[in-house]
Every structure is written in C-alpha cells, then in structure tokens.
Amino acid sequence: MRRVTIYDSMSRATRIFAPMQPPRVGLYVCGLTPYAPAHVGHGRTFVIFDMVARALRRWGYRVFYVQNVTNLDDKLIARAAAENDDPLALAERHFAGFLRSMERLGARSVNYYPFATDYVPEILEQVKGLVDRGYAYVADDGSVYFEVAKFARYGALSGQKVEALKPGARVEVDPRKRAPEDFVIWKAATPGEPSWESPWGPGRPGWHIEDTAMTGRLFGAKYDLHGGGLDLNFPHHEAEIALSESATGLAPMVEYWMHSGLVAMTGEKMSKSIGNVSSLEQAIDDFGPGVLRLYYLNASYRSPVDFVPGKSLEEAREAYGRLSAPADRIAEILERDGPDRAGDPLPKELEEAAERLVDDLDTTLANDFNSREAIALLFGWARRLAEILPQIERLDGAGLTALAAPYAWATETLGLFERTPGARSGGWATVVPLLLAARARARARGDYAESDRIRDELRAAGVEVEDGADGSAWQFADAK
Ligand SMILES: [Zn+2]
C-alpha cells in the first residue's frame, strides 16, 4: 500500500499514516448545522475531505466515511422560531439542499450522514456514564455539564489554556456551572422545543456530545482519522476528546486530526449581498462544479483562502479552461470516433511521460494531500499537450487514452473533469435554444411532426422541454 503522510494537528507534525486495522480506515468529519443554505466556505471543507477519501480509496484503503448532521441546536431553534417553522423540518430542508449541492460537486464519498436526533439513546448513555464516573454534574434546572477540570489533557489539541476562559476574559458567568469552561452536554428543555425524556427531566443533546456518541457507536472508543474545519479545533474538538476519553477510559480517541483552512470572505461589510454571492448552490449554477473544485483544491488544504466575489471564481474559471482544454479535445475525439479509432501510435517518449506523471501525481498527493502541487503538475501536462495539439489530432484511440491518463487520475482523486450533469459545458446553453427556435418555427408553419421530432430528440439527449404561454422552457431531465 502506498506510503501516505498526514499532518496531524494534535502532534503538530507530519506522520506516516498507519490505520489500526489496514486496509480499513474510519474517517469522521464534522458536518453541517443546516439552519441556512450552505455557502462557498462549507463547500471547501467537504470537497477537501471528499478528496482525502477518494485518494485513500484509490490507494487501496477501505474508507468508512461518516459525516454528522447537527439537526438540532440553538441556531436552528432560533431560526425556526423566526421563520415560524419546526427546527427539525427546517434542518431537513436545508440538508436536502446541501446534499444536492454535494452531489453536483461530485462530493459523494460520505458513506453515512447520521442525524444528531437519531442518536439520542447513545447520547443519553454517554451522559449517564459521565455523570456516574464523576466527569459530569447535574445542575438545578436538569441540565448536565461536563466538568473540564476533571480532564487533565483538556487543551492539548488546540493549545488553549483553561485559564484563558476564566471570568474577566469576556466569559459570562452562568450560575449553573461550577466553572466557566464547563460545557453543557444535556440541555434542560425549554417549552416548545423538541425534547426527550431523561433521568434529569425532559431535555435535548448539547452540541459536542452527538459526535462522540456517534463515533462510539459506529467506530468504537478509538478510530483512525478525524477531520473538520479549523474553526472547530476549539472548543468543539477539544470537547470531543474530553468526552470520549473520559467516557471510555481509552486514549487517544483518534489517531490523526486533520483540519482544513477556512474561506475568508472579503468585503464582509456588504454582508447582505454577501449572503447571495456566497451561496454554494448559486456558485455551482454560475461556474459549474469543476471550477469550484479547482478553486478549493488549488491551495494547500491547511491554508486559509480568500473568497472575493466576482473575482475568485472568475480566475478559477479561466484556469480551469486552460487546464481542461486538452482533455476536452481528447474526450471529444474519443466520443466521436470511439476508443478503437485508427491513427498514429503514441510516441514511446510521450507514453512514458504520461505514466511517470501519474506516478508523480500519486506520490505528490500522498504527501499530506498536496493537491496544490498535484494541480501544478497537471498544468505542466496541459501546457505540453497544448503545444502538440496538431499531433494529438492524428493519434489512435489507445494513444489518446494514454495521454489522458493524468486527467483520469485527477477525475478519480480530485474530482476534476467529471462529466456530471452540473458540469455540462455552456455548449448546451447555446445549442438547445437554437433547436427550440427551429422547433418554434416548425410549429408556426404547422409542421407538428417536425416539432415533435425535435422535442423527442432533445428528450433522448436528456433535455426536457416544457411549452408555456411565452415560449418553451427546458431543463436537464436529471436535474429535476
Ligand atoms: Zn463535530
């Protein structure tokens, strides 16, 4: 199996990846709290971990990838109240939108999306265990708190000192807590909120404990790899470690911690309009999934990236065009003539260069998932192919396929150049209206056989046409 190294945020070092039971890998990534539509920043985290899972699978690991859905918390309850909606229904709706965006982005690596409220029995069991073992205490109102002072290693991941959380450091005093750094793991119910029966009265899960209840159930006390955005490092991941290791008595909870850098929104002053331009779904509509994935992966996954509306994705689109042009040309020729097309054989030197490149790409990505460097290698290949385009036009099918191997590698691992419905090029947007105009002319002259024929041909190509009072609208059948 390929040697993979990972920068582990806990040890602050790059380590050789050695899962507990190879080739099996347990991967847990903190998922979405779907109280609003996902934005461009969410997309980055989940495309990065999609790339991690894709790459590990390519290298022979059997990855079980779990990503939770926090479908009940204070934000959801507040938002639902403002919209006169039920918090669980609101979460369900926004999660469905998120899944649609993930599907379009080609981020399909997750094996299981557990919902927090489906794990209430496991959460209650863990809360009870923590109370019994003296790590957690019950407040007067029936809420249960984890007592941070009881867990000596608290702060090891983030380097945060508990002292920094003492009052005076802008921490509100809560009379229910023994110490300000203690955090709630079971919340006494407020009337009108969804709640569950517990030994301490009706309540609902606190935030951090859903993760450890899920991983305890799905992976056991210890697993291989935990991922999430850097903003979750503290307090969330610190709290996860404290909860799991206190509840099970086994450490470390996880062997490798991976944190992805955040997307910094430029011009936050215009936050009202930002809401719109940073919508993930809108960005996919406007630029296509390949451009977004290039924008996300053409940077070290650990670095922050800027998102400048109207600029970042335009630049990525231009780069994606340069990168994909030779691949598009090869795909066009192969789609037209088939893989057995006759032509010149590929010169040995180019065949070897393509093979060597695929090997270099694997080595590069296996070095702490250095997608930026891998993409730089792909740009080099795109430039080389662009220079020999006339020669490419004469190659036989096997030669073309061999030249495209680095692109096939990028599709498998980085999810670039995927031929998904959302990735369909602008060509459709030009051709379909021309056909619809031809169809309208046929109808105008009463040639309904021709009009129906055009509609049927479009349908066969996956395009649904709907006739309305002011002309015909169309969409891809599988986009419904
Ligand atoms: Zn989490």
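Participant: What's the story with the sheet that holds strand S4 (residues 62-67) in this structure? I'm lost.
Facilitator: Backbone hydrogen bonds are what pair the strands of a sheet, in a parallel or an antiparallel way. Ordered in space as S4-S3-S9-S10, the 4 strands form an open sheet in which the pairing is parallel. Two strands bound the open sheet, and with one partner strand each, they are S4 and strand S10 (254-260). The sheet shows a mean angle of 20° between the axes of neighbouring strands, taken without regard to direction. Inspection of the sheet shows strand S3 (residues 24-29) paired to S4 by 6 bridges, in the parallel sense. Bridge pairing in S4 links Leu27 to Tyr65. Contacts from helix H1 (residues 40-58) reach S3, S4, strand S9 (223-229) and S10, with the element oriented near 160° to S4.

Participant: Explain the packing of helix H4 (residues 120-132) against helix H5 (residues 208-218) here, please?
Facilitator: For any two helices packed against each other, one specifies the crossing angle of their axes together with the interaxial distance. The interhelical angle for the contact between H4 and H5, taken along N-to-C directions, is 105°, at an axis separation of 9 Å. When the axis of H4 is compared with that of H5, the two are roughly perpendicular. Contacts between H4 and H5 involve Glu122, Ile123, Gln126 and Val127 on the former and, on the latter, Ile209, Glu210, Thr212, Ala213, Gly216 and Arg217.

Participant: What's the story with H5 in this structure? I'm lost.
Facilitator: Each full turn of the α-helix corresponds to 3.6 residues, which orients residues three or four apart in the same direction. Most of H5 is tucked away, with 9 of its 11 residues classed as buried. Trailing H5 by a residue or two, Gly220 shows a phi angle of about 95°, which is positive.

Participant: What should I look at first to understand the nonpolar core in this one?
Facilitator: Side chains that are nonpolar tend, in soluble globular proteins, to be buried together. The biggest cluster of nonpolar side chains holds 112 residues, and the ones touching the most others in it are Val127, Phe146 and Ile185. Both of domain 1 (5-261) and domain 2 (268-423) provide at least three residues apiece to this core. With residues up to four places along the chain from it excluded, the contact list for Phe146 reads Leu130, Tyr135, Ala136, Asp182, Phe183, Ile185, Ala242 and Leu243.

Participant: Help me understand the domain arrangement of the protein chain in this model?
Facilitator: How big an interface is tends to be expressed through the accessible area that disappears when the partners come together. Its domain assignment divides the protein chain into domain 1 (5-261), domain 2 (268-423) and domain 3 (427-479). Centre-to-centre separation of domain 1 and domain 2, based on C-alpha positions: 34 Å. Counting from both sides, the interface comprises 28 residues of domain 1 and, opposite them, 30 residues of domain 2. Contributing elements (two or more residues each) for the side of domain 1 that touches domain 2: strand S1 (5-8), H1, helix H3 (87-105) and S10. At 12 residues, H1 tops the list of elements feeding residues into the side of domain 1 that touches domain 2. Residues of the side of domain 1 that touches domain 2, tallied by class, amount to 12 nonpolar, 11 polar and 5 charged.

Quick notes on the rules
Note on numbering: residues in each chain are counted from 1, in written sequence order. Only residues with pLDDT of 70 or above have their local features reported here, since the model is predicted, and side-chain atom pairs are shown and tallied only from 80 upward, although totals for entire chains, interfaces and linings are computed over all residues. Strand pairing follows a simple DSSP-based rule, namely that at least 2 bridges must link the two strands. Under the DSSP-based scheme used, a helix requires at least four consecutive residues in state H or I and a strand at least two consecutive residues in state E, with every element numbered from the N terminus. Axis lines are fitted to C-alpha atoms, over the contacting stretch for helices. Their N-to-C directions set the angle, which ranges from 0 to 180 degrees. Throughout, a pair of residues is in contact if the C-beta atoms placed from their backbones lie within 7 Å. Roughly parallel here means an angle under 35 degrees, roughly antiparallel means over 145, roughly perpendicular means 65 to 115, and every remaining angle is called oblique. Any residue whose C-beta has 12 or fewer other C-beta atoms within 10 Å is treated as exposed, any with 20 or more as buried, and any in between as partly exposed, C-beta atoms being built from the backbone. Put simply, a nonpolar core is buried Ala, Val, Leu, Ile, Met, Phe, Trp, Tyr and Cys residues tied into one set by C-beta atoms within 7 Å. Note that the domain bounds were set by an automatic or database domain assignment. Residues are sorted three ways: Asp, Glu, Lys and Arg are charged, Ala, Val, Leu, Ile, Met, Phe, Trp, Tyr, Cys and Pro are nonpolar, and all the rest, Gly among them, are polar.

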